[in-house]
Every structure is written in structure tokens, then in C-alpha cells.
Amino acid sequence: MSFLNKEYREIITKAVCGKGKKFTNETHTVKPPHKPSSILGCWIINHRYHSKKKKKNSVEVSGHYDINIWYSYQNNTKTEVVTDRVNYRDIIPLSIKDDHSISDDFDVVCRATQQPNCLECEITEKGDEIKVDTEREFIVQVIGETKIYVKVDPEGYKFVDEEDQWDFEVIDEELEDVNPDFLKKNE
């Protein structure tokens, strides 16, 4: 029996070989230049990240974002915005893995399912610092070369001409409902 007469074929293709997900809560402390009286607002902007396969079973996501805190000081008579850059590095374990990859060359697709977000912002008990609780979540997919096996149709592929496939005859009963004046302008 020749290779072409076999019932199954091996196909080498790129496929998702691993998946992972990680949710992170973090607390950051920011020391503003003035002793805060109250917090007026807090938001996170300028989020940037990149990912790479770190080990066999994990992906590293590195990035940064800016925390902006609008606060009042001098007994709520003046306001200011303080910005703090936060750098992070998350190691995301792969919960689903395909160990049948045929190469060590992988692509990593990473998506933030929860962008960094401020959960709570408050003045610490000392009174001169601000505590910010944040959250973020990523999902990753590792794409690599793998083998799949496909069953071969013993009859082979039957070529069908496209024109023959859509060649239906119109019957008189279908034409009875057609209005011959549908293109005429309304007068």
C-alpha cells in the first residue's frame, strides 16, 4: 500500500497549543507632594504590555500603566493631580497544554480581558500617603506547529461545476407573481 492509499494523513499546521488566564489584585502606595485632605478622583491610563513564552508551562506579561489621583490639600482649599507609573510582570501558568508540538518556535497572543482598573483609593492612616487598590486580568494563547491526522475519503473529491450546482429551471408558477411594471415610475 502506498502513502497516498492510506486511510489517514498527517498534516502539519499551526494551532493553539496552550491557554492560560490570570487575575491580579494589587495595592499601590503613592506619596503626593502635599498632605492630602480628601480624594476627588482616581483613574488609570496609558496601559501598555507585551508577552512572551517564558518556560514550558508559562507566559510572561510585562507592562506598565499610570495611576492619576486627583486630591485636595490644605483643608480642601487647593487641588492637584499626582501621577505614579506602575511597572508589573505577571507570570501566567498554562492551564491547557498540548505537548505534541513539533517545534520550539511559538507565537504568543495576549489579551487584557480586564484592563487595569482602580477599585478603591483612600488616604492611609498616616495621612501623608494614598493607597490605591487595582485589578487586571489577562488571557494568553500559545500558538505552535503541531500534527493533526485527517481521515481521507476513499471515494476522493468529486468535482462539481459551480454553474451546474446553481442551475435551476424557473417554472411558470413562479413567474405568475412577478409584477411586469415594477420598474415604471409612479405618476
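Residues numbered from 1 in each chain as written. Predicted model: local features only at pLDDT ≥ 70, side-chain atom pairs only at ≥ 80, totals over all residues. Heavy atoms only, no water.

A. Main features of the nonpolar core. Ranked by internal contacts, the top residues of the largest apolar core, which has 23 residues, are V61, I67, I69, V132, F138 and V140. Taken together, the elements giving at least two residues each to this core come down to β3 (58-73), β4 (78-97), β5 (107-123) and β6 (130-151). Residue contributions to this core peak at seven residues, all from β3. (Core = buried A, V, L, I, M, F, W, Y, C linked by side-chain atoms within 4.5 Å. Buried < 20%, exposed > 50% of the residue type's maximum accessible area, 1.4 Å probe, protein only. Helix = DSSP H or I, 4+ residues; strand = E, 2+ residues; numbered from the N terminus.)

B. Highlighting the pairing of strand β1 (residues 8-30). With 22 bridges joining them, β1 and β6 adopt antiparallel strand pairing. Within the sheet, the bridge partner assigned to G18 lies in β6 and is V142. Across three bridges, the pairing between β1 and β4 is antiparallel. Within β4, the residue paired with K19 across the bridge is I96. (Pairing = 2+ DSSP bridges.)

C. Molecular detail of the packing of aromatic side chains. Under the defined criterion, the tally for this structure stands at four aromatic pairs. Summarising the aromatic geometry, the rings of Y49 and F138 are spaced 5.0 Å apart at their centres and angled 65° between planes, so their arrangement reads as edge-to-face. Within this pair, whereas Y49 is found in strand β2 (residues 36-55), its partner F138 is found in strand β6, the two being separated by 89 residues in sequence. Its relative accessible area of 31% is what places Y49 among the partly exposed residues. Grouping aromatic residues by their ring pairs yields a cluster made of Y49, Y65, Y88 and F138. Stacked on the ring of F106, the Lys or Arg K53 has its end atom at 4.9 Å from the ring centre. The lysine or arginine in question, R136, covers the ring of Y88, its NZ or CZ lying 4.1 Å from the ring centre. (Phe/Tyr/Trp six-rings, centres within 6.5 Å; stacked < 30°, edge-to-face > 60°. Lys NZ or Arg CZ within 6 Å of the ring centre and 35° of its normal.)

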